[in-house]
Amino acid sequence: MAVAKKAIVWGLFAAGGTVSSFVFPALITLFFLIAVGTTPDGLQYEKIHEFAASFLGKACLFIVISLSLWHAAHRLRVVFHDLGVRKDKVVANAVYLAAFVGTAMTAFYLFLIR
Amino acid sequence: MSRQPYIRPMSKTTWYMRNGRYKVYMLREMTCLLVGFYSFLVIFGLAALSSAERWNAFLASQQNAAMIAFHGFALIYFLIYQTFAWFELAPKAMPLQIGEKKLSDSYIVIAHYIVWAVLSAFIFWLAGVF
């Protein structure tokens, strides 16, 4: 079963890496625009709330965030190993738990937006 | 008389500093910190969508010089070590074969850049940047 489990972990990692590679540069740019004080119209409350309240908006946000979190968690697990931390069980539990908590928070907050 | 096996001295914590390729590998792996950071930033944003006041407070909390500098750095770092690195590796991770012929790597990489440009433009349009 070890092989089958690895395939799922690796599959989620690859999916998250692809999604974050495509979406995050635009996302970071939007945060940059917010930071310099030129918040785009679509990110004003009315518009962004409408987007996050729609089914399609919720689905996009949930897929992007949850896959990205899994990607980051798996990569961070390997980074810990590369930096000389040899307690893989502890590290794996911690990073995957963080990803799970983030995913649950995403689902919860999206559920509240209507 | 048995001889001691030779074990090459190697640091467990700084081994990647010996070689340029290993350094790039570590720089690439470190992008996971940015992915995690921005994922949670979005989650805090979603939490703030509960009311207009909270959302505006969230926006205001993001508007400072430190965040401008961080986002600027993060964007360049992310593009080089995540987005472009991921696109360059895509044909190696999933080579495409059509009939007898293997599709040239450059086509797969270029296709990624095109999809990325279109998708980014769509996100900017959706966000009302233009």
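As the structure is a prediction and not an experimental result, all values here were calculated from the model.

**Section: the overall build of chain B**
Scanning chain B for helices and strands turns up 5 helices and 2 strands. Counted from the first residue to the last, chain B has its helices and strands arranged as α-α-α-α-β-β-α. Counting only C-alpha atoms and orienting by the principal axes, one finds that chain B spans roughly 80 × 50 × 25 Å. The 130 residues of chain B split such that 35% are buried. For chain B, the proportion of contacts with a sequence separation of at least 24, taken over those separated by at least 6, is 46%. By element, 68% of the accessible surface of chain B is carried by carbon and sulfur atoms, the whole surface being about 8,500 Å². The distance from the centre of the 11 positive side-chain charges to the centre of the 5 negative ones in chain B is 17 Å.

**Side note on the packing of aromatic side chains**
Enumeration over the complete set of coordinates arrives at 23 aromatic pairs over all chains. Arranged with centres 5.6 Å apart and planes meeting at 55°, the rings of A:F108 and A:Y109 form a pair that is tilted. Given the relative accessible area of 22%, A:Y109 is considered partly exposed. Centroid distance B:Y38 to B:F70: 6.2 Å. Interplanar angle 25°. Geometry classified as stacked. Remark: B:F70 occurs in helix α4 (residues 65-93) and B:Y38 occurs in helix α2 (residues 31-48); sequence separation between them is 32 residues. Under the relative-accessibility criterion, B:Y38 is labelled buried at 0%. An aromatic cluster is defined as three or more aromatic residues linked by ring pairs; in this entry it consists of A:F22, B:F84, B:F87, B:Y113 and B:W116. Looking at A:R114, its charged tip hangs above the ring of A:F111, at a distance of 4.8 Å from the centre.

**A few points about the environment of A:C60**
All names here are of chain A. As for its placement among the helices and strands, C60 is situated in helix α3 (residues 55-82). For C60, a relative accessible area of 40% puts it in the partly exposed group. Separated by 40 residues in sequence, C60 and F100 have C-alpha atoms that sit 18 Å apart.

**A few points about the packing of α3(A) against helix α1 (residues 20-29) of chain B**
Following both chains from N to C, one finds α3(A) and α1(B) inclined at 140°, their axes separated by 10 Å at the closest point. The angle between α3(A) and α1(B) falls in the class oblique. As α3(A) packs across α1(B), the resulting crossing turns out to be left-handed. Residues A:R75, A:V78, A:V79 and A:D82 of α3(A) lie in contact with α1(B), whose contacting residues are B:Y25, B:M26, B:R28 and B:E29. Class assignment for the residues of the contact of α3(A) with α1(B) results in 4 nonpolar, no polar and 4 charged.

**Quick notes on the nonpolar core**
A:F24, A:F31, B:Y38, B:L49 and B:W55 are the most contacted members of the largest nonpolar core, which has 53 residues in total. Residue assignment for this core shows that the elements contributing at least two residues are α1 (2-35), α2 (45-53), α3 and α4 (88-112) of chain A together with α2, α3 (52-61), α4 and α5 (105-126) of chain B. With 11 residues, the top contributor of residues to this core is α1(A).

**A short note on a nonpolar patch on the surface**
All names here are of chain B. On the surface, a cluster of nonpolar side chains totalling about 530 Å² of accessible area is made up of F122, W125, L126, V129 and F130. The residue F122 is located in helix α5 in this model. Exposure remark for F122: the relative accessible area of 43% places this residue in the partly exposed category.

**Describing the interface of chain A and chain B**
Every contact between the two is made by 54 residues of chain A and, on the other side, 56 residues of chain B. Summed over both sides, the interface between chain A and chain B buries roughly 4,700 Å², with carbon and sulfur atoms accounting for 77% of that surface. As a salt-bridge pair, A:R75 and B:E29 come within 3.4 Å of each other at their nearest N and O atoms. The interface formed by chain A and chain B includes 14 residue pairs in polar contact (both at pLDDT 80 or more). The set of elements that each furnish at least two residues to the side of chain A that touches chain B consists of α1, α2, α3 and α4 of chain A.

About the thresholds
- Residues numbered from 1 in each chain as written.
- Chains lettered and ligands numbered in written order.
- Predicted model: local features only at pLDDT ≥ 70, side-chain atom pairs only at ≥ 80, totals over all residues.
- Heavy atoms only, no water.
- Helix = DSSP H or I, 4+ residues; strand = E, 2+ residues; numbered from the N terminus.
- Buried < 20%, exposed > 50% of the residue type's maximum accessible area, 1.4 Å probe, protein only.
- Contact = heavy atoms within 4.5 Å.
- Areas by Shrake-Rupley, 256 points an atom, 1.4 Å probe, with all protein chains shown as cover.
- Lys, Arg positive; Asp, Glu negative; His and termini not counted.
- Charge placed at Lys NZ, Arg CZ, Asp CG, Glu CD.
- Phe/Tyr/Trp six-rings, centres within 6.5 Å; stacked < 30°, edge-to-face > 60°.
- Lys NZ or Arg CZ within 6 Å of the ring centre and 35° of its normal.
- Axes fitted to C-alpha atoms, helices over the stretch in contact; angles between N-to-C directions.
- Parallel < 35°, antiparallel > 145°, perpendicular 65-115°, else oblique.
- Left-handed = near helix turned anticlockwise from the far one by under 90°.
- Nonpolar A, V, L, I, M, F, W, Y, C, P; charged D, E, K, R; others polar.
- Core = buried A, V, L, I, M, F, W, Y, C linked by side-chain atoms within 4.5 Å.
- Patch = residues over 30% accessible without salt bridge, like charges linked within 9 Å, V, L, I, M, F, W, Y side chains within 5 Å.
- Salt bridge = Lys/Arg side-chain N within 4 Å of Asp/Glu carboxyl O.
- Buried area = accessible area lost by both parts, 1.4 Å probe.
- Polar contact = N/O pair within 3.5 Å; in protein donor to acceptor, adjacent residues only side chain to side chain.

Fair warning: the whole summary comes from geometry, so function is off the table for now.
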